[in-house]
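Spelled out from the first residue to the last, the chains are:
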Amino acid sequence: MMTECKISIVMPVYNTDSKYLECAVDSILNQTYENFELIIIDDGSAPSCAEFCDEIQQKDARIKVVHQENAGVSAARNKGASLADGAYLMYMDSDDLLAKGALQEAATAIQTTHAPFIFAGLQHIKKYEDFLGTDGSKELQYHLFEKEEMDFVIRSFFTQRNAEFSNVQGVGSFNRGPCARVLKTDLAKKILFEGNLVIGEDVEWNMRVLRACEKVCFVNSIWYGYLLLPNSAIHKYYGNRAE
């Protein structure tokens, strides 16, 4: 029996519709792996959303809610990382889904590879029912890249020209955002998001983390469902800007 690794999940929230937020949180609470904490950073939401966050906190002792004045998603993620006490950390958006077996596979990859940065697949979905995330029942398949291969990883990953990085299980990819991956919490506390960048903030953050790693692991599995909201008036939250 392996020693369980606690994983911290940081979720910034800014005026997320309650139906989406509840689904996102429930996907975390339904994990087969139970040694985690969920840190919700309410980034200056309207009272109705802030109050709903407090209601969610009552669901489970592993949920923490912190309210702050609106400072943007980067500051919210950085705040969450500063409060995390797990050995590894994951970022998640407040309207997406985490596959039922994601944390179990993350813990297995951590124990097996000891990599400080571990990626898995992200699937774009138009509705939650389309999500084909892992249940953790299959043997873990992964590729571990050592230090001498890091230049290749960085070049191939960011250009997406190599099929190994652009296709996961035929339905997803290793995305260049901050989600669908875990990293050592001490790295997350040191390598912060730069909120002053107009574009490319997430790519730049990934680059800095990768350059700080001696090795990196890519898991051939779908951990994350990224919801493409159908209403054009609703955008992904990025603090004072939207995707």
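A quick note: this is a predicted structure, and the numbers were derived from the prediction, not measured. (Residues numbered from 1 in each chain as written. Predicted model: local features only at pLDDT ≥ 70, side-chain atom pairs only at ≥ 80, totals over all residues. Heavy atoms only, no water.)

Peer 1: So what's going on with the state of the cysteines? Which residues, and what values?
Peer 2: Under the counting rule described, the total for this entry stands at zero disulfides. Cysteine 5 takes part in no disulfide bond, and the closest cysteine sulfur, belonging to cysteine 217, lies 14 Å away. Here cysteine 179 is not disulfide-linked; the sulfur of cysteine 53 is the nearest cysteine sulfur, at 17 Å. Residue cysteine 179 is classed as buried on the basis of its relative accessible area of 4%. (Disulfide = S-S within 2.5 Å. Buried < 20%, exposed > 50% of the residue type's maximum accessible area, 1.4 Å probe, protein only.)

Peer 1: Can you tell me about the pattern of salt bridges, naming the residues and giving the values?
Peer 2: Inspection of every chain in the model, using the stated rule, returns eleven salt bridges. Where aspartate 85 meets lysine 6, a salt bridge forms, and the shortest distance between an N and an O atom there is 2.8 Å. In this pair, aspartate 85 is assigned in the loop between helix H3 (73-83) and strand S4 (88-91) and lysine 6 in the segment before strand S1 (7-13), connecting sequence segments 79 residues apart. For lysine 6, a relative accessible area of 26% gives the class partly exposed. As a salt-bridge pair, lysine 64 and glutamate 37 come within 2.9 Å of each other at their nearest N and O atoms. Here lysine 64 is found in strand S3 (residues 63-68), whereas its partner glutamate 37 is found in strand S2 (residues 36-43), with 27 residues between them in sequence. A relative accessible area of 2% means that glutamate 37 is categorised as buried. Through salt bridges with shared partners, a single ionic network connects Lys6, Glu37, Lys64 and Asp85. (Salt bridge = Lys/Arg side-chain N within 4 Å of Asp/Glu carboxyl O. Helix = DSSP H or I, 4+ residues; strand = E, 2+ residues; numbered from the N terminus.)

Peer 1: So, unusual backbone geometry: which residues are in play, and what are the values?
Peer 2: With a phi angle near 55 degrees, asparagine 15 is a residue other than glycine that sits in the positive phi range. Looking at where asparagine 15 falls in the secondary structure, it is placed in the loop between S1 and helix H1 (18-29). Judged by its relative accessible area of 37%, asparagine 15 falls in the partly exposed class. With phi around 60 degrees, glutamine 169 is a residue other than glycine that occupies positive phi space. Following the sequence through the fold, glutamine 169 ends up in the loop between helix H6 (163-166) and strand S8 (181-184).

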